[in-house]
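For reference, the chains in residue letters:
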Amino acid sequence: MASFHTRLALLGSASALAAGALVPVQLAGAQPAAAASYDWVALGDSYTAGVIPAAGDVFEIPRDGCERTDQSYPQVIDRDLGGLIELTNVSCGAATIEDVTFRAQQPIGRHLPPFSEDPDYPFPPVPPQSEAVKPGTDVITVGVGGNTLGFADILLKCLELGGGSGGVGTPCKDDLAASIPGKLTKVSRDYDQMLAVLHDRAPHAKILAVGYPTVIPKDTSKCRYNDPHQFLSIPQGDLDWLRQDVLEPLNKAIEKSTGTQDAASFVNLYDSTQNHSVCDSGKWVEGILDHDYQPALVHPNARGHRNAADHVTSAILNAIAPN
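An account of the accompanying structure is given in this report.

**Looking at the overall build of the protein**
So, point 1. Scanning the protein for helices and strands turns up ten helices and five strands.
So, point 2. Within the protein, the proportion of its 323 residues that are buried is 54%.
So, point 3. The contacts in the protein between residues at least 6 apart in sequence include a share of 73% that link residues at least 24 apart.
So, point 4. Looking at the protein as shown, the accessible area adds up to about 13600 Å², and 54% of this sits on carbon and sulfur atoms.

**Details of the environment of alanine 152**
So, point 1. Relative to the helices and strands, alanine 152 resides in helix α6 (residues 151–162).
So, point 2. Using a relative accessible area of 41% as the deciding quantity, one classes alanine 152 as partly exposed.
So, point 3. Remark: the alpha-carbon pair of alanine 152 and leucine 297, spanning 145 residues in sequence, is separated by 8.0 Å.

**Quick look at the packing of helix α8 (residues 180–201) against helix α9 (residues 236–258)**
In a pair of packed helices, the angle between the axes and the distance between the axes together describe the arrangement.
So, point 1. Interaxial distance between α8 and α9 falls to 9 Å at its minimum, and their mutual angle equals 25°. Here α9 runs roughly parallel to α8, going by the angle between their axes. The handedness of the crossing between α8 and α9 is right-handed. Of the residues in α9, those in contact with Ile180, Leu184, Val187, Ser188, Tyr191, Asp192 and Leu195 of α8 are Trp241, Asp245, Val246, Pro249, Leu250, Ala253, Ile254, Ser257 and Thr258.
So, point 2. Split by residue class, the contact of α8 with α9 holds eleven nonpolar, three polar and two charged.

**Some remarks on the state of the cysteines**
So, point 1. Applying the stated criterion to the full structure yields three disulfides.
So, point 2. The disulfide that involves cysteine 158 links it to cysteine 172, with 2.0 Å between the sulfurs. Disulfide cysteine 158 to cysteine 172: torsion about the S-S bond roughly -75°, handedness left-handed. Here the residue cysteine 158 occupies a position in helix α6, and cysteine 172 occupies one in helix α7 (residues 171–176), the gap between them amounting to 14 residues.
So, point 3. Residue classification places cysteine 158 among the buried residues on the basis of a relative accessible area of 0%.
So, point 4. Take cysteine 172: its relative accessible area is 0%, and that puts it in the buried class.
So, point 5. One disulfide bridge connects cysteine 223 with cysteine 279, the sulfur atoms lying 2.1 Å from each other. For the disulfide bridge between cysteine 223 and cysteine 279, the dihedral angle about the S-S bond is near 110°, and by the sign convention the bridge is right-handed. Taken together, the positions of cysteine 223 in the loop between β4 (206–210) and α9 and cysteine 279 in the loop between β5 (264–267) and α10 (302–320) put the pair 56 residues apart, joining distant regions of the chain.
So, point 6. On the accessibility criterion, cysteine 223 (6% relative accessible area) is buried.

**Observations concerning the side chain of aspartate 99**
So, point 1. Here aspartate 99 lies in helix α4 (residues 97–101).
So, point 2. Take aspartate 99: its relative accessible area is 6%, and that puts it in the buried class.
So, point 3. Side chain to side chain, aspartate 99 and arginine 103 meet in a polar contact 3.0 Å long.
So, point 4. Sequence-distant contacts of aspartate 99, defined by excluding residues within four places in its chain, comprise Ala94, Ala104, Gln105, Pro128 and Gln129.

**Concerning α6**
Side chains three or four residues apart in an α-helix point the same way, a direct result of the helix having 3.6 residues per turn.
So, point 1. Taking 1.5 Å of rise per residue, twelve residues should cover 16 Å, and α6 covers 16 Å from first to last C-alpha, within 8% of that figure.
So, point 2. Residues of α6 that are buried: Phe151, Ile154, Leu155, Cys158, Leu159 and Gly162. Take α6 and look down its axis: the buried residues cluster within an arc of 140°, on one side only. Relative to its buried face, α6 has exposed residues pointing more than 90 degrees away, namely Asp153 and Glu160.

Criteria and cut-off values
- Numbering of residues begins from 1 in every chain and follows the order in which that chain's sequence is written.
- In view of the model being predicted, local features appear only for residues whose pLDDT reaches at least 70, and side-chain atom pairs are presented and counted only at 80 or more, with totals across whole chains, interfaces and linings using the full set of residues.
- To get the side-chain values, all heavy atoms of the structure are used, and hydrogens and water are removed first.
- Strands here mean DSSP runs of E at least two residues long; helices mean DSSP runs of H or I at least four residues long; both are numbered from the N terminus.
- Only protein chains enter the calculation, and the probe is 1.4 Å; a residue is then buried if its accessible area is under 20% of its type maximum, exposed if over 50%, and partly exposed in between.
- Working rule for contacts: check all heavy atoms of both residues, and any pair within 4.5 Å makes them a contact.
- Using the Shrake-Rupley algorithm and a 1.4 Å probe, accessible areas are obtained, with residue cover drawn only from the displayed protein chains.
- Lines fitted to the C-alpha atoms define the axes, with helices restricted to the stretch that makes contact. Angles between their N-to-C directions range from 0 to 180 degrees.
- Any angle from 65 to 115 degrees is called roughly perpendicular, while one under 35 is roughly parallel, one over 145 is roughly antiparallel, and all others are oblique.
- When the near helix sits turned anticlockwise from the far one by under a right angle, the crossing is termed left-handed; a clockwise turn instead gives a right-handed crossing.
- Residues are grouped as follows: Ala, Val, Leu, Ile, Met, Phe, Trp, Tyr, Cys and Pro are nonpolar; Asp, Glu, Lys and Arg are charged; all remaining types, including Gly, are polar.
- Disulfides are defined as pairs of cysteine sulfur atoms found within 2.5 Å of each other.
- As used in this structure description, the phrase polar contact means that two N or O atoms lie within 3.5 Å; if the pair is within protein, one of them must be able to donate a hydrogen and the other to accept it, and residues adjacent in sequence are counted only when both atoms belong to side chains.
- Expected span of a helix, by definition, is 1.5 Å for each gap between consecutive residues, and there is one gap fewer than residues.
- This arc is taken over the directions from the axis of the helix to the C-beta atoms.

Dropping the structure here:
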């Protein structure tokens with residue numbers, strides 16, 4: 001745990017970030033004595049790990065299949081904060097809440113048939129992410145829930161069903177809407193359990209639950225049917241349904257669960273990304289394919305991770321500042 005004097009030194013940085021516009025944090029004047037004063041564990045799925053080429057290069061050799069990239073927000077924050085916080089990043093692409101809480105996960109790397117084949121697949125299982133949390137951990141960030149909801153499967157089904165629609169109607173909503181409430185209930189139940197386990201493993205840690213960014217704009221007329229850099233064959237009506245009845249409720253479920261744990265806070269990425277969806281010109285989330293025609297399957301690019309880093313950094317500094 002950090003000394004009282006170190007906490008005082010950090011308070012000014014935290015207050016400045018909270019009071020003004022969020023900017024990349026530069027702590028060039030930090031004293032060497034503050035190095036590694038706090039232990040931070042980053043947990044989560046592909047929206048934390050990075051995974052896609054547009055979120056940087058995979059930096060871990062040998063690869064474990066989790067596809068953590070060097071422009072993902074934990075790595076960006078680690079560089080921004082220098083030695084003030086010691087990062088342990090065990091986020092992993094395709095992770096569910098259960099994979100964070102108690103279940104070993106077999107990573108998929110970039111093995112996404114029919115979009116891509118990974119020559120190193122299959123990968124050995126990785127331990128439950130919560131095992132990286134220790135009694136002395138000071139800060140835990142966790143961004144997870146989309147895979148428990150089954151968003152990737154929903155997305156692929158919407159692509160399939162929209163293929164013959166000509167961009168008209170709501171074939172995906174018609175097929176899947178009845179299953180969504182049950183999936184959201186599971187997200188809430190699993191998230192509550194995860195937060196309890198994390199608090200039990202690190203009773204003094206602050207838990208920062210990181211929400212998901214805006215993926216689909218409010219004005220879906222921006223989204224061009226059959227554009228592979230956007231949502232390809234998903235009709236506008238289904239995009240409206242996905243935004244209103246799937247993705248926004250997912251964030252709300254995570255925020256509600258976070259409110260049940262005194263040690264936890266919700267980091268809202270949705271509002272700051274409203275004008276940077278897949279269908280916006282200044283996108284922070286890639287479409288089905290990125291600009292190089294590499295599979296992206298609706299994941300944040302480096303600019304999206306930069307934005308997440310700014311918001312999560314502010315939350316971290318506020319979490320470790322003295323009361």
